[in-house]
Amino acid sequence: LLDRVPADAWAFYTFRGDAARQQFERFRDNPLYSMGLREVERELGVQFSDIVALFEGEVAFYSRPGAPIPELTLLLDAENPEQARASAERLLRSLAERAGGEVTEDGDVTTAVFDEFAVNLGTTEGAVVLSTSKDPFSGGAEDSLGDSDRYKDALAAAGAPDEYTGLAYVDLAEAVELLLGYTAVADEDVPAEVRRNLEPLRSLVAYGEEDGNISSQLVFLEIGE
């Protein structure tokens, strides 16, 4: 899914969905929680198994600059995209109904409009996509995050392997710039000392590896001069 993440994304997280699905299934089979889950199913009108099925493949999340808030996008690499999309749509419609939101259809994209933001749902290239923007449904960006030098340099500095159980990346320099921009728009003053402390931050990379029965996780914070 990395190839579908735009090059200007400042945050990216991906993991294997099968591990999350197994955890959800253990949660479902625990008698301590099964009654509560049935109540949630009745409230939302969605079977827990349908939600679990959304996590059968790779799961990826990214954020990129946007206005008035950054774009937030979730990608689900499902074996049966149409079935997964139908489950996600039932859940989205149920949440919108309970929150007083409005659901509209625009071609193959379903949009739930809440008070402060909208969530768009559709499928692209075999993946289910939920996003606060419609850009992911317009053909995608020509350049992906995986091709960007800043992403490759950050992973190289962290010693990230080619294969991992999960990976998180944040361009801290971009995140700080966005944060300061929003505080300026909100007419909030950021103390000079805080600005000085934020200035050296470059990137944050975290990843997990498996070697037989041994799992390890590493978090790497890159700081510049």
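Position labels on residues start from 1 in each chain and follow its written sequence. Residue-level local features of this predicted model are given only where pLDDT is at least 70; pairs of side-chain atoms are given and counted only at 80 or more, and the full residue set underlies all totals for whole chains, interfaces and linings. Derived side-chain values reflect all non-hydrogen atoms in the structure, with water molecules and hydrogen atoms excluded from consideration.

1. Observations concerning helix H2 (residues 31-44)
Given a rise of 1.5 Å per residue, 14 residues ought to cover 20 Å, and the 20 Å separating the end C-alpha atoms of H2 matches this to within 8%. Of the positions making up H2, those classed as buried are Ser 34, Leu 37, Glu 41 and Leu 44. Looking straight down H2, one finds its buried side chains confined to an arc of 100 degrees; they lie on one side. Exposed and facing more than 90 degrees away from the buried side of H2 are Leu 32, Met 35 and Arg 42. Every helix listed is a DSSP run of H or I at least four residues long, and every strand listed is a run of E at least two residues long, numbered separately from the N terminus. Just downstream of H2 lies Gly 45, where phi reads positive at about 70 degrees. For a helix, the expected span equals 1.5 Å multiplied by the residue count minus one. The rule is simple: take the accessible area with a 1.4 Å probe, protein chains only, and divide by the maximum for that residue type; under 20% is buried, over 50% is exposed, in between is partly exposed. Directions pointing from the helix axis toward each C-beta atom define the arc.

2. With respect to the nonpolar core
Counting residues in hydrophobic clusters, the biggest one holds 20 residues, and the most contacted among them are Phe 12, Leu 145, Tyr 151, Leu 155, Leu 167, Tyr 169 and Val 205. Those elements that provide at least two residues to this core are strand S2 (58-64), strand S7 (127-131), helix H5 (149-158), strand S8 (166-171) and strand S9 (201-211). In terms of residues, this core owes the most to one element, H5, which gives four residues. Setting aside residues no more than four positions away along its own chain, Phe 12 makes contact with Leu 2, Val 5, Ala 60, Phe 61, Tyr 62, Leu 145, Tyr 151, Leu 167, Ala 168 and Tyr 169. We call a set of buried residues a nonpolar core when its members are Ala, Val, Leu, Ile, Met, Phe, Trp, Tyr or Cys and they connect through side-chain atoms within 4.5 Å of each other. Here a residue-residue contact requires only that any non-hydrogen atoms of the pair lie within 4.5 Å.

3. With respect to a nonpolar patch on the surface
A surface patch of nonpolar side chains, amounting to about 370 Å² of accessible area, comprises Leu 204, Val 219, Leu 221 and Ile 223. Taking relative accessible area as the criterion, Val 219 reaches 63% and is therefore assigned exposed. Patch members must show over 30% relative accessible area and no salt bridge, and they are joined within 9 Å when carrying like charges or within 5 Å when they are nonpolar side chains of Val, Leu, Ile, Met, Phe, Trp or Tyr. The Shrake-Rupley method, run with a 1.4 Å probe, gives the accessible areas here. Residue values count only the displayed protein chains as cover. Any Lys or Arg side-chain nitrogen found within 4 Å of a carboxyl oxygen on Asp or Glu counts as a salt bridge.

4. With respect to the packing of H2 against helix H4 (residues 81-98)
Lines are fitted to the C-alpha atoms to define the axes, a helix being fitted only along its stretch in contact, and any angle between axes, read from their N-to-C directions, falls within 0 to 180 degrees. Interhelical geometry of H2 versus H4 gives an angle of 80 degrees and a closest axis separation of 9 Å. For the element pair H2 / H4, the angle class is roughly perpendicular. Judged by residue contacts, Arg 42, Glu 43 and Leu 44 of H2 engage Leu 91, Ser 94, Leu 95 and Arg 98 from H4. Each residue is assigned to one of three groups, with Ala, Val, Leu, Ile, Met, Phe, Trp, Tyr, Cys and Pro labelled nonpolar, Asp, Glu, Lys and Arg labelled charged, and all others, Gly among them, labelled polar. Split into classes, the residues belonging to the contact of H2 with H4 amount to three nonpolar, one polar and three charged. If an angle is under 35 degrees, it is roughly parallel; if it is over 145, roughly antiparallel; if it lies from 65 to 115, roughly perpendicular; otherwise it is oblique.

5. A few points about the sheet that holds strand S3 (residues 71-76)
Here, a strand pair is defined by DSSP locating no fewer than two bridges between the strands. Spatially, ten strands are ordered S4-S5-S6-S7-S3-S2-S1-S8-S9-S10 in an open sheet, and the strand pairing comes out antiparallel. Bordering the open sheet on either side are strand S4 (102-106) and strand S10 (214-223), each of which pairs with just one other strand. For this sheet, the mean inter-axis angle between neighbouring strands, taken without regard to orientation, is 10 degrees. Where S4 and strand S5 (residues 109-113) come together, five bridges link them in antiparallel fashion. Following the sheet pairing, Glu 105 is matched in S5 by Thr 110. In this fold H4 packs onto S4, S5, strand S6 (118-124) and S7, with an angle of close to 170 degrees to the strand it touches most, S6.

6. Let's talk about H4
The end-to-end C-alpha distance of H4, which contains 18 residues, comes to 26 Å, matching closely the 26 Å that a straight helix rising 1.5 Å per residue would cover. Looking at H4, one finds that the buried residues are Ala 84, Arg 85, Ser 87, Ala 88, Glu 89, Leu 91, Leu 92, Ser 94 and Ala 96. On its buried side, H4 packs onto H2, helix H3 (48-53), S4, S5, S6 and S7. Within two residues after H4, Gly 100 carries a phi angle of roughly 75 degrees, on the positive side.

7. Topic: the pairing of S5
With four of five residues buried, S5 is to be regarded as a mostly interior element. The pairing of S5 with S6 spans four bridges and is classified as antiparallel. Among the inter-strand pairings, Ala 112 is bridged to a residue of S6, identified as Val 119.

8. Here we look at the packing of aromatic side chains
Only the six-membered ring of Trp is used, alongside the rings of Phe and Tyr, when aromatic pairs are assigned; centres must lie within 6.5 Å, and planes under 30 degrees apart are stacked while those over 60 apart are edge-to-face, with the rest tilted. Using the criterion set out here, one finds four aromatic pairs in the structure. Among the aromatic residues, ring-to-ring pairing joins Phe 12, Tyr 151 and Tyr 169 into one connected group.

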